[in-house]
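Results of the structural survey
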Amino acid sequence: MREANETLVGASGALRRLLEDADVVAPRDATVLLTGESGTGKEMLARYIHRQSRRAGEPYVTCDCAALSPALIESELFGFRRGAFTGAVRDSPGYFASSQGGTLFLDEVGELDLRAQARLLRFLEDRTVVPVGAVSPCRLDVRVIAATNRDLEGMSRKGEFREDLFYRLNVVNLHVRPLRERPDDVMACAEHFRTRFAVAHAKTVVGFTPQAAAALAAWHWPGNVRELRNAVERAVLLCRGTWIDRADLPPRVAAGTRLREALADACEEGSFAGSTERFQRRLLFSVLRDAKGNREEAARRLSLTVHQIKYLVKKLGPAPQ
Ligand SMILES: Nc1ncnc2c1ncn2[C@@H]1O[C@H](COP(=O)(O)OP(=O)(O)OP(=O)(O)O)[C@@H](O)[C@H]1O
Ligand SMILES: [Mg+2]
């Protein structure tokens with residue numbers, strides 16, 4: 001699915017300020033370092049900065065530094081001349097020269113080995129590269145945006161990342177906060193993905209039930225916006241009616257509010273045995289409901305046998321209202 005031109009969606013002050021900062025740095029040619037946990041939107045932000053810059057009509061090239069093979073790293077980044085090594089049958093520009101005039105996005109820059117780090121530092125200092133097998137350096141006009149979910153400063157203290165390169169990259173640092181610290185973005189993004197996936201999968205899905213919305217709000221989203229996106233796509237696909245219900249969400253997302261509700265129910269004044277039973281009843285029937293009455297599925301989610309489920313239904317039933 002095309003998302004290349006999408007802008008980051010959100011309703012939080014944190015996201016608004018981030019985009020304002022991005023708008024300020026975009027037109028400058030300064031190197032930008034994007035930090036933040038996996039799935040927070042760093043790659044989207046890099047594209048956004050490119051689109052807002054004077055380089056918008058020029059190439060935007062992504063290099064995933066974690067995917068470069070250590071043996072070929074220099075030739076892949078800086079290119080090579082024909083005959084530089086066995087198999088080099090023609091000149092190859094490499095990522096830097098392919099980005100000429102535009103932006104090179106160095107994703108997962110913390111994965112570069114120390115040798116490649118030295119070459120990158122050289123480029124950032126004098127804007128030249130020496131392709132493998134070439135005798136003289138070539139001057140290039142490329143803006144670098146780098147991203148990492150690692151702590152480069154900490155790595156540089158341990159000698160795993162060059163400190164001088166860290167400072168060169170970190171001219172401007174834009175930090176994308178994890179989704180759990182931007183609760184206002186959860187529903188905004190969820191609604192955005194619902195609309196988008198409903199169209200993509202040709203389904204009529206008009207919204208989230210209050211229970212589903214509560215579960216989305218309560219979950220801590222360790223996988224950030226990527227996890228939310230996948231959860232909503234799955235829900236749109238599984239949803240039988242026109243509203244996404246809690247049962248359509250991934251089990252671990254649904255489980256958070258379920259346990260809380262069961263606990264609230266159990267916390268009324270009363271005996272220990274009574275509270276425990278109310279908790280068990282609420283949890284059991286809530287899982288059965290989310291599993292659409294399928295006892296095998298409910299047994300799997302609760303790590304019980306189907307036989308135990310049947311027994312508990314008899315013992316704890318009927319289902320609470
Ligand atoms: N604010 C947002 N609005 C809409 N979609 C978003 C937003 N943030 C992230 N996404 C979506 O979440 C997914 C992950 O985003 P992205 O690839 O930019 O994250 P990342 O920070 O680069 O993650 P990683 O460190 O794992 O590479 C993408 O599908 C992206 O479209
Ligand atoms: Mg990324």
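In this text the structure is predicted, and so the values were computed from the model without any measurement. (Residues numbered from 1 in each chain as written. Chains lettered and ligands numbered in written order. Predicted model: local features only at pLDDT ≥ 70, side-chain atom pairs only at ≥ 80, totals over all residues. Heavy atoms only, no water.)

1. Details of the side chain of arginine 246
By the element assignment, arginine 246 lies in the loop between β9 (243-244) and α11 (251-266). With a relative accessible area of 2%, arginine 246 lands in the buried category. Non-local contacts of arginine 246, meaning those with residues more than four positions away in its chain, are made with Thr209, Gln211, Ala212, Ala215, Ala254, Thr257, Arg258, Glu261, Ser286, Arg289 and Asp290. (Helix = DSSP H or I, 4+ residues; strand = E, 2+ residues; numbered from the N terminus. Buried < 20%, exposed > 50% of the residue type's maximum accessible area, 1.4 Å probe, protein only. Contact = heavy atoms within 4.5 Å.)

2. Comments concerning the nonpolar core
Formed by 29 residues in total, the largest nonpolar core has its most connected members in Leu77, Phe96, Leu106, Val109, Leu112 and Leu120. Contributing elements (two or more residues each) for this core: β2 (60-64), α3 (73-78), β3 (103-107), α5 (114-126), β6 (143-148), α6 (152-157) and α7 (163-169). Broken down by element, this core gets its largest block of residues, five residues, from α5. Every residue in contact with leucine 120, bar those within four places of it in the chain, is listed here: Phe78, Phe96, Leu106, Val109, Leu112, Leu165 and Leu169. One finds Cys189, Ala190, Phe197 and Ala198 within the second-largest nonpolar core, a separate group that totals 24 residues. (Core = buried A, V, L, I, M, F, W, Y, C linked by side-chain atoms within 4.5 Å.)

3. Looking at the packing of helix α9 (residues 210-218) against α11
Across the interface, α9 lies against α11 with an axial gap of 8 Å and an inter-helix angle of 100 degrees. When the axis of α9 is compared with that of α11, the two are roughly perpendicular. Contacts from Gln211, Ala214, Ala215, Leu216 and Ala218 of α9 reach α11 at Val253, Ala254, Thr257, Arg260 and Glu261. Grouping the amino acids of the contact of α9 with α11 by side-chain chemistry returns six nonpolar, two polar and two charged. (Axes fitted to C-alpha atoms, helices over the stretch in contact; angles between N-to-C directions. Parallel < 35°, antiparallel > 145°, perpendicular 65-115°, else oblique. Nonpolar A, V, L, I, M, F, W, Y, C, P; charged D, E, K, R; others polar.)

4. Brief notes about the domain arrangement of the protein chain
A common measure of how large an interface is: the accessible area buried when the components associate. Examined at the domain level, the protein chain breaks down into domain 1 (13-177) and domain 2 (182-316). Taking the mean C-alpha position of each, domain 1 and domain 2 sit 41 Å from one another. With eight residues of domain 1 at the contact, the number on the domain 2 side is seven residues. Roughly 580 Å² of surface becomes buried between domain 1 and domain 2 when both sides are summed, with 38% attributable to carbon and sulfur atoms. A per-residue breakdown of the area domain 1 buries against domain 2 is headed by Leu15, Gly39 and Arg177, which together make up 55% of the total. (Domains from an automatic or database assignment. Buried area = accessible area lost by both parts, 1.4 Å probe.)

5. Things to note about the environment of glutamate 277
By the secondary structure assignment, glutamate 277 is in helix α12 (residues 272-290). Note: C-alpha distance between glutamate 277 and glycine 293 (16 residues apart in sequence) is 20 Å.

6. With respect to the side chain of threonine 148
Mapped onto the secondary structure, threonine 148 falls in strand β6. Reaching out from threonine 148, the side chain makes a polar contact with the backbone nitrogen of arginine 150 at a distance of 2.9 Å. With residues up to four places along the chain from it excluded, the contact list for threonine 148 reads Leu33, Leu34, Thr35, Gly36, Lys42, Val109 and Gly110. (Polar contact = N/O pair within 3.5 Å; in protein donor to acceptor, adjacent residues only side chain to side chain.)

7. Let's talk about helix α14 (residues 306-316)
Buried within α14 are the following residues: Ile309, Leu312, Val313 and Leu316. One face of α14 carries all of its buried residues, which in axial projection span an arc of 105 degrees. Turned more than 90 degrees from where α14 packs its buried face, His307, Tyr311 and Lys314 sit exposed. In this structure, the buried residues of α14 make contact with α12 and α13 (295-302). (Arc of directions from axis to C-beta.)

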